[in-house]
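Per-entry structural report
Each chain is listed here by its residues.
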Amino acid sequence: TQLLEQSPQFLSIQEGENLTVYCNSSSVFSSLQWYRQEPGEGPVLLVTVVTGGEVKKLKRLTFQFGDARKDSSLHITAAQPGDTGLYLCAGPTGGGNKLTFGTGTQLKVEL
Amino acid sequence: DAGVIQSPRHEVTEMGQEVTLRCKPISGHDYLFWYRQTMMRGLELLIYFNNNVPIDDSGMPEDRFSAKMPNASFSTLKIQPSEPRDSAVYFCASSRRLAGYTDTQYFGPGTRLTVL
C-alpha cells in the first residue's frame with residue numbers, strides 16, 4: 001500500500017509568517033497533487049507536479065516535487081487568514097486507477 | 001457550469017436506519033468517486049465508477065454499504081443498517097480521466113452524516 005504521510009499535522013501561525021508543509025512516502029509516485037479544503041466544503045485542486053525536481057508557483061504558494069518522486073513540499077510565503085484550511089497531498093495508486101490522499105495538514109492563520 | 005451536487009448536506013439518523021446519499025456529477029465526466037472523511041482515518045476512497053460501471057469497491061467497509069450509478073448523471077451510496085461508527089462526511093467527486101493521468105477530481109460539498 002502506498003501511503004502519504006504529511007507533517008506537521010497541525011500548524012497555527014500569525015499572519016505574515018512563512019511555513020512549509022511536507023508530504024512523504026516510501027513509494028515512488030508518477031505525480032502528486034495538492035488540494036486545499038475549507039470548512040464545510042470539498043477539497044479543491046491547487047496544483048499537480050509530475051516531474052522529479054519540479055517547482056511550481058501559485059502566487060504565494062510554492063510546490064516542489066522531490067527528485068526521487070517520493071516526496072513533495074508546499075511553502076507559503078507571508079501567510080494570510082485566507083490560507084486557513086486543510087492541505088492534502090494525493091497521488092495515484094493501484095496502477096494509477098485511483099487517488100490516495102495524505103494524512104493532511106490543518107493550517108490556521110491568525111491576525 | 002454547476003459543480004458536483006450532493007444531497008442531503010446534513011443527515012441525522014438513528015442506528016439501524018437506512019441512509020441514502022445522492023450525487024450528481026459534472027456533466028461529461030466519465031469517472032465518479034465516493035469518499036469518506038473522518039478525523040481518525042482522513043479521506044478514504046470507498047468506490048469508483050467508470051461510465052456507470054463500478055470498477056473498484058475495495059474501500060467499501062462492509063456489506064452494509066452499497067453504491068449504484070444507474071445513469072451518467074446520478075449515483076447513490078446506501079448504508080443499511082447504519083451504525084454510529086458510520087458517522088462521517090461523505091464526498092462525491094467526478095473527473096474526466098483517472099488520477100493516474102493527473103486529471104483533476106472535482107469534489108462536491110459533502111454530506112455530513114450523524115448516526116445516533
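Not measured: the values here are computed from a predicted model.

As for the overall build of chain B
Regarding its fold elements, chain B presents zero helices and eleven strands. Secondary structure elements in chain B, listed N-terminal to C-terminal, are β-β-β-β-β-β-β-β-β-β-β. On C-alpha atoms alone, chain B measures out to a radius of gyration of 13 Å, which is about the 13 Å that the 2.2 N^0.38 rule sets for 116 residues. C-alpha extents for chain B along the principal axes are approximately 40 × 25 × 25 Å. A buried classification covers 48% of the 116 residues belonging to chain B. Of the contacts formed within chain B by residues at least 6 apart in sequence, a portion of 55% connects residues at least 24 apart. Accessible surface computed for chain B: about 5800 Å², of which carbon and sulfur atoms make up 48%. Where the 12 positive side-chain charges of chain B centre and where its 13 negative ones centre are 4 Å apart.

Here we look at the sheet that holds strand S3 (residues 19-24) of chain A
Strands in a sheet are paired, the pairing made by backbone hydrogen bonds, and the direction either parallel or antiparallel. Residue and element names in this part refer to chain A. Read across the sheet, five strands follow the order S1-S3-S8-S7-S6 without closing on themselves; strand pairing throughout is antiparallel. Unpaired on one side and paired on the other, strand S1 (5-7) and strand S6 (55-58) mark the two borders of the sheet. Taken pair by pair, the neighbouring strands of this sheet meet at an average axis angle of 15°, ignoring direction. In terms of strand pairing, S3 meets strand S8 (residues 71-76) through six bridges, oriented antiparallel. Among the inter-strand pairings, Asn24 is bridged to a residue of S8, identified as Asp71.

Section: the side chain of Ser25 of chain A
All names here are of chain A. Here Ser25 is to be found in the loop between S3 and strand S4 (32-37). Separated by 2.9 Å, the side chain of Ser25 and the backbone nitrogen of Ser27 make a polar contact. Once residues lying within four places of it in the same chain are set aside, the contact partners of Ser25 are Leu3, Leu4 and Lys70.

Conventions adopted
Residues numbered from 1 in each chain as written. Chains lettered and ligands numbered in written order. Predicted model: local features only at pLDDT ≥ 70, side-chain atom pairs only at ≥ 80, totals over all residues. Heavy atoms only, no water. Helix = DSSP H or I, 4+ residues; strand = E, 2+ residues; numbered from the N terminus. Rg over C-alpha atoms; globule rule 2.2 N^0.38 Å. Buried < 20%, exposed > 50% of the residue type's maximum accessible area, 1.4 Å probe, protein only. Contact = heavy atoms within 4.5 Å. Areas by Shrake-Rupley, 256 points an atom, 1.4 Å probe, with all protein chains shown as cover. Lys, Arg positive; Asp, Glu negative; His and termini not counted. Charge placed at Lys NZ, Arg CZ, Asp CG, Glu CD. Pairing = 2+ DSSP bridges. Axes fitted to C-alpha atoms, helices over the stretch in contact; angles between N-to-C directions. Polar contact = N/O pair within 3.5 Å; in protein donor to acceptor, adjacent residues only side chain to side chain.

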